[in-house]
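Geometric and topological summary
Spelled out, the chains give:
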Amino acid sequence: MRLIIQKDYQTLSQWAAQYVAARIKEAKPSARKPFVLGLPTGSSPLGMYDALVELYNKKEVSFKHVVTFNMDEYVGLAENHPESYHTFMWDNFFSHINIDKKNVNILNGNAKNLDAECANYEKKIEKAGGIDLFLGGVGPDGHIAFNEPGSSLVSKTRVKTLTKDTIIANSRFFGGNIKKVPKTALTVGVQTIMNAREVLILVNGHNKARALAHGVEGGISQMWTISALQMHPKGIIVADESACGELKLQTYRYYKDIEKKNLDPKSIETAKSIETTKSVEVTPKK
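Notes on the structure follow. (Residues numbered from 1 in each chain as written. Predicted model: local features only at pLDDT ≥ 70, side-chain atom pairs only at ≥ 80, totals over all residues. Heavy atoms only, no water.)

Quick notes on the overall build of the protein chain
Helix and strand content of the protein chain: nine helices and ten strands. In terms of overall size, the protein chain behaves like a compact globule, its C-alpha atoms giving a radius of gyration of 18 Å where 286 residues would be expected to give roughly 19 Å. Taking the principal axes of the C-alpha coordinates as reference, the protein chain spans close to 55 × 40 × 35 Å. A total of 286 residues make up the protein chain; the buried ones form 55% of that total. Taking as baseline every contact in the protein chain between residues at least 6 positions apart, the subset at least 24 positions apart corresponds to 76%. Within the structure as shown, the protein chain displays about 13200 Å² of accessible surface, and the carbon and sulfur contribution to it stands at 51%. One way to put it: in the protein chain the 38 positive side-chain charges average out to a point 3 Å from where the 30 negative ones average out. (Helix = DSSP H or I, 4+ residues; strand = E, 2+ residues; numbered from the N terminus. Rg over C-alpha atoms; globule rule 2.2 N^0.38 Å. Buried < 20%, exposed > 50% of the residue type's maximum accessible area, 1.4 Å probe, protein only. Contact = heavy atoms within 4.5 Å. Areas by Shrake-Rupley, 256 points an atom, 1.4 Å probe, with all protein chains shown as cover. Lys, Arg positive; Asp, Glu negative; His and termini not counted. Charge placed at Lys NZ, Arg CZ, Asp CG, Glu CD.)

In structure tokens form, the structure reads like this:
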């Protein structure tokens with residue numbers, strides 16, 4: 001696992017966007033062999049999405065042959081509801097790039113048979129050839145997607161009851177009214193994420209510091225689903241300085257010490273030469 005430490009949220013977002021763009025360009029996707037991207041919602045990826053839109057506008061990356069699978073969706077919200085993840089993705093990303101609508105996959109929280117919807121989602125991912133790069137954020141309690149504490153580390157896409165903490169945290173998007181927050185959601189599982197060829201998790205802010213510490217320094221546990229990333233051969237965490245507040249000093253120094261070169265993530269051939277156990281801090285080009 002690599003830990004990339006950036007100075008703030010802006011540089012974290014720029015680094016992640018450059019990395020995603022580099023991976024897409026390296027793959028040289030086509031209609032026959034598209035690049036398959038797993039995507040999150042929430043506040044963490046917003047800066048990255050803005051940066052990716054900017055790269056698209058500069059013609060530095062194309063999403064014409066990119067297929068996407070989103071992590072989750074609320075149960076019971078209409079697709080056009082202002083707080084649905086369908087709306088979030090189109091408002092903040094998809095409507096600003098050249099992605100083909102038929103290549104966008106988001107779970108249907110209003111499906112008649114939710115279990116069948118989840119099973120079919122897994123089949124769609126398999127049919128697409130698996131996910132090349134799965135992006136994600138993390139909650140203060142270490143959850144990825146809606147895989148909250150106690151979620152099985154071998155879980156697949158399923159219906160999940162949300163914890164009170166998550167409902168309270170997400171109430172900020174519903175005018176602070178927890179009664180308006182759906183109590184269940186559809187979510188990819190931990191194993192669904194881990195099956196991706198590469199996983200990149202964004203961790204920003206002091207409120208995520210405990211989650212980062214457990215993910216990097218703690219043992220692998222279903223109580224901190226971010227810790228599953230330790231088992232991934234190509235797992236990356238990119239964090240800002242604020243999120244590193246709970247790391248042990250020697251851990252922080254270790255990852256900073258092995259960041260000896262400032263590499264542009266667009267230089268994939270250079271990045272390939274770095275062992276996956278090492279960490280590289282990248283200063284994105286402006």
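Regarding the pairing of strand β1 (residues 2-6)
Most of β1 sits out of view: five of its five residues are buried. Neither face of β1 is left uncovered, since the one carrying R2, I4 and Q6 and the one carrying L3 and I5 both have all their residues buried. Pairing between β1 and strand β10 (residues 235-240): five bridges, direction parallel. Counterpart to I5 in the pairing with β10 is A239. (Pairing = 2+ DSSP bridges.)

Considering the sheet that holds strand β2 (residues 35-39)
Read from one edge to the other, the open sheet built from seven strands follows the order β1-β10-β9-β6-β2-β3-β5, with strand pairing classed as parallel. Every interior strand has two partners, whereas the edge strands, β1 and β5 (104-105), have only one. In terms of strand pairing, strand β3 (residues 66-70) meets β5 through two bridges, oriented parallel. Residue pairing across strands places F69 opposite N105, the latter belonging to β5.

Describing the sheet that holds strand β7 (residues 158-161)
The strand order β4-β8-β7 describes an open sheet built from three strands, whose pairing is antiparallel. With one partner strand each, in any of the chains shown, β4 (72-74) and β7 form the two edges of the open sheet. Neighbouring strand axes in the sheet, compared pairwise and without regard to direction, differ in orientation by 30° on average. Bridging between β7 and strand β8 (residues 184-187) involves four bridges; their strand directions are antiparallel. Bridging from a neighbouring strand, R158 pairs with T187 of β8. Of the strands in this sheet, β7 and β8 touch helix α4 (residues 114-127), which is tilted by about 125° from β7. (Axes fitted to C-alpha atoms, helices over the stretch in contact; angles between N-to-C directions.)

Description of the pattern of salt bridges
According to the stated counting rule, one finds six salt bridges in the structure shown. For K102, the salt bridge is made with D100, and the minimal N-O distance between the two is 2.7 Å. Looking at K102, the relative accessible area reads 64%, which means it is exposed. Classification of D100 as partly exposed rests on a relative accessible area of 31%. For the salt bridge of E241 with K256, the shortest nitrogen-to-oxygen distance reads 3.7 Å. Within this pair, whereas E241 is found in the loop between β10 and α8 (249-257), its partner K256 is found in helix α8, the two being separated by 15 residues in sequence. Its relative accessible area of 29% is what places E241 among the partly exposed residues. With relative accessibility at 27%, the residue K256 sits in the partly exposed group. One network of salt bridges, with partners in common, ties together R23, E26 and E198. (Salt bridge = Lys/Arg side-chain N within 4 Å of Asp/Glu carboxyl O.)

Describing the nonpolar core
Core analysis: the biggest nonpolar cluster contains 44 residues, and M48, L52, F63, F93, F94 and L200 have the highest contact counts within it. Here this core gets eight residues from one element, more than from any other, and that element is helix α1 (residues 9-27). By size, the runner-up hydrophobic cluster in this structure holds 38 residues, among which are V75, Y121, V199 and L212. (Core = buried A, V, L, I, M, F, W, Y, C linked by side-chain atoms within 4.5 Å.)

Re helix α2 (residues 46-57)
Along its twelve residues, α2 runs 17 Å from first to last C-alpha, staying within 8% of the 16 Å computed at 1.5 Å per residue. Phi turns positive one or two residues past the end of α2, at K59, with a value near 60°. (Expected span 1.5 Å × (residues − 1).)

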